[in-house]
Amino acid sequence: MGRRVVKIGILGGTFDPPHIGHLILAEEAWARLKLDCVYFVPAGDPPHKRGKPLSPAYHRRRMVELAIADNPHFLLSTVDLDRPGPHYTIDMVRLLRDAHPPGTELYFLMGLDSLADLPNWHQADRLLANCRLVALNRYGYKVDWEKLEAALPGVRERVIQLPMPELEIASHVIQQRVREGLPIRYQVLTAVEAYIHEHGLYRD
């Protein structure tokens, strides 16, 4: 009998803050792909977010810890936070691959909007070679496969498209609601909401 293949999901992001959309996405992928676990990987210095306000890494790390605390198959990885930037997805995936036994299957979770932008990612072809991409349906987005294939030949074979409950929620909207004094209850977990208020995050 051969050794069972370990299947790991990877969800990267600034998580500023982590919200229920992140958790639903990760849970949906875990269930549908029969993953062993899903790593939440807070970005340290994401090149595409430079020039935009970003909460300190220790706040974002702690909020992720609070958000995933009650789910045994959700894990925190600080592989990006523990190294100097800039932080590219391919480097993070390689580090996670090196940390696991040979033959481990990696699944990088992303939205359809991110998939459409994939040709602009750093070493996108190497990313495709190192993991499978899992594109979760996002309301209002469709994939132009012909355009993607022209830029990244063979990309369609490396992408798994998964349906997920449609939920339009975003971290920047939550930040704005905090600034406006509007409730964010039910959009983030109670512990994350308490942390945001306790530390005065997202207030001008």
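For the structure itself, consult the block above.
Residues numbered from 1 in each chain as written. Predicted model: local features only at pLDDT ≥ 70, side-chain atom pairs only at ≥ 80, totals over all residues. Heavy atoms only, no water.

A.B. asks: If you had to explain the nonpolar core to someone new, which residues and values would you point to?
C.D. replies: With 32 residues, the main nonpolar core has L11, V38, F40, L109 and I196 as its most contacted residues. Breaking this core down by element, the ones donating at least two residues are helix 1 (20–33), strand 2 (37–42), helix 2 (57–68), strand 4 (105–111), strand 5 (132–136), strand 6 (159–162), helix 7 (171–179) and helix 8 (190–198). No other element matches helix 1, which puts five residues into this core. Contact partners of V38, with chain neighbours within four places excluded, come to G9, L11, A26, W30, H73, F74, L75 and L109. Counting residues in each nonpolar core, the second largest holds 28 residues, with Y39, I90, F108 and L128 among its members. (Core = buried A, V, L, I, M, F, W, Y, C linked by side-chain atoms within 4.5 Å. Buried < 20%, exposed > 50% of the residue type's maximum accessible area, 1.4 Å probe, protein only. Helix = DSSP H or I, 4+ residues; strand = E, 2+ residues; numbered from the N terminus. Contact = heavy atoms within 4.5 Å.)

A.B. asks: Quick one: what's the story with helix 1, residue by residue and with numbers?
C.D. replies: For helix 1, with 14 residues, the first-to-last C-alpha span of 20 Å sits near the 20 Å given by 1.5 Å per residue. Here helix 1 has its buried residues at G21, H22, L23, L25, A26, E28, A29 and L33. Phi turns positive one or two residues past the end of helix 1, at K34, with a value near 55°. (Expected span 1.5 Å × (residues − 1).)

A.B. asks: Any details on the packing of aromatic side chains? Residues and values, ideally.
C.D. replies: Applying the stated criterion across every chain yields a total of three aromatic pairs. Where F40 meets F74, the ring centres are 5.0 Å apart and the plane angle is 55°; that geometry is what we call tilted. Here F40, found in strand 2, pairs with F74, found in strand 3 (residues 74–76); they are 34 residues apart in sequence, far enough to count as distant. For the pair F40 and F74, a shared accessibility class is recorded, and that class is buried. (Phe/Tyr/Trp six-rings, centres within 6.5 Å; stacked < 30°, edge-to-face > 60°.)

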